[in-house]
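Below, each chain spelled out in residue letters.
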Amino acid sequence: MKRMLIFLPLLVTSAVFAQTNQKLTTRLQDAVKGFRGQVGIYVQNLKTGKTAEINADTLFPTASMIKVSIQCGVMDKIEKGDLKYNQKLVYRDSLLYAGEDILGSFKDKDTVQLSKVAMLMITMSDNTASLWLQKLVGGEYINNWLDQNGFKVMRVNSRVAGREAIRKIYGWGVTTPREMCRLFTLIRQGKAVSAAASERMYRNMGRIYWDEHALSQIPPYVHTISKQGAVDESRSETVLVNAPHGDYVFSIITNHNTDTSWTANNEAGLLIKKISALLWHYFEPGDKWEPAEGVDKFMLNE
């Protein structure tokens with residue numbers, strides 16, 4: 001018995017060490033050198049369990065990535081019978097979030113199915129749609145769901161009582177790269193809300209308009225789910241890739257960026273593309289796919 005107690009810590013240490021992909025971690029560290037801002041990255045090969053990370057447990061703004069947790073709150077309400085996926089909602093002008101969102105072009109008292117509002121929230125990242133669904137479910141309800149499902153820091157801040165101070169720092173939502181990946185993994189495994197709800201969410205998250213950064217570096221015939229987030233000083237993207245040799249998930253979040261431009265050459269946007277390409281070719285080393293010559297003119301999403 002004493003010998004077991006002596007060797008057990010060594011076995012635990014070895015198991016933890018075995019989970020870290022040091023080679024990939026080093027390549028990621030090299031890739032972010034010189035970036036003018038704060039970077040957080042978490043990568044996990046879901047087949048082997050091995051990970052690579054940089055500031056993976058550091059708090060970052062979610063920007064629009066928080067909409068994945070809003071989606072979970074909506075699905076939880078549907079599973080409980082409080083909402084229906086195809087129920088008709090009545091749009092009101094008071095819901096408008098100023099910008100170029102599709103839903104914001106609706107007229108007062110127009111009707112639309114909840115499923116279409118959910119599609120706009122995820123596919124187009126429509127802010128009016130997202131805030132409408134957050135109001136319908138309740139920010140506190142969403143945060144309680146996150147807490148009950150083991151998320152320690154990921155939370156909705158905006159329009160949630162008691163979170164005004166943290167909202168001033170992180171904006172709409174707060175998370176870590178590790179927790180973003182965990183949420184995506186739960187959905188992939190059918191463990192977010194329910195197997196049925198996860199399946200519906202997986203379909204929703206597989207049809208993304210904003211595909212000019214991380215997704216542009218993955219072959220278009222390979223299935224992915226993703227969510228992007230962007231404000232002036234923070235650009236981010238979380239992606240789960242159904243790669244031929246095994247699924248992998250990664251989250252790249254930046255903050256306090258010097259380059260706050262909204263051009264195709266934004267420094268953080270280029271970094272996200274660079275990391276995504278690095279990961280694709282790392283996990284699929286025999287694949288020769290590269291973005292087609294001249295495709296950039298078709299990737300100018302606005």
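This is a predicted model, so every value here is computed, not measured.

Cut-offs applied
Residues numbered from 1 in each chain as written. Predicted model: local features only at pLDDT ≥ 70, side-chain atom pairs only at ≥ 80, totals over all residues. Heavy atoms only, no water. 1 Å grid on protein atoms, 1.4 Å probe; cavity = no way out; pocket = protein on both sides within 12 Å on 5 of 7 lines; lining within 4 Å. Points joined across faces, edges and corners; volume = space filled by probe spheres on them. Nonpolar A, V, L, I, M, F, W, Y, C, P; charged D, E, K, R; others polar. pLDDT = per-residue confidence, 0-100. Contact = heavy atoms within 4.5 Å. Buried < 20%, exposed > 50% of the residue type's maximum accessible area, 1.4 Å probe, protein only. Helix = DSSP H or I, 4+ residues; strand = E, 2+ residues; numbered from the N terminus. Pairing = 2+ DSSP bridges. Core = buried A, V, L, I, M, F, W, Y, C linked by side-chain atoms within 4.5 Å. Arc of directions from axis to C-beta.

This brings us to the layout of surface pockets. By volume, the second largest pocket amounts to about 310 Å³. Lining of the second largest pocket is provided by 19 residues; of these, Asp211, Leu215, Ile218, Pro219 and Pro220 occupy positions nearest its centre. Split into classes, the residues belonging to the lining of the second largest pocket amount to 12 nonpolar, 5 polar and 2 charged.

This brings us to the confidence of the model for the chain. For the chain, per-residue confidence averages 93 on the pLDDT scale, and residues scoring 70 or more make up 94% of the total. In this model residues 1–17 is a low-confidence stretch, pLDDT under 50, and it forms 0 contacts with partners more than four residues away in sequence or in other chains.

On to the pairing of strand E10 (residues 248–255). Along a regular strand, successive side chains alternate from one face of the sheet to the other. Taken across its 8 residues, E10 has 8 buried, putting it largely inside the fold. Burial along E10 is two-sided: Tyr248, Phe250, Ile252 and Thr254 facing one way and Val249, Ser251, Ile253 and Asn255 facing the other are all buried. Bridge count between strand E1 (residues 38–45) and E10: 8 bridges; the pairing is antiparallel. Within E10, the position partnered with asparagine 45 by the bridge is tyrosine 248. Looking at chain direction, strand E9 (residues 234–241) and E10 are connected through 6 bridges and run antiparallel.

Take the nonpolar core next. Counting 80 residues, the largest nonpolar core has Leu28 and Leu279 as its most contacted members. Looking at this core, the element that brings in the most residues is helix H10 (residues 267–283), giving 9 residues. In contact with leucine 279, other than residues within four places in its own chain, are Leu24, Leu28, Val43, Tyr248 and Phe250.

Attention shifts here to helix H9 (residues 195–204). It helps to recall that an α-helix has 3.6 residues per turn; residues three or four apart then point in one direction. Buried within H9 we find Ala197, Ser198, Met201, Tyr202 and Asn204. Looking down the long axis of H9, one finds its buried residues gathered within 155 degrees of arc, a one-sided arrangement. In H9, the exposed residues that point more than 90 degrees away from the buried face are Ala195, Ala196 and Arg203. On its buried face, H9 is in contact with helix H3 (67–79), helix H4 (114–124), helix H8 (177–188), strand E8 (224–231) and E9.

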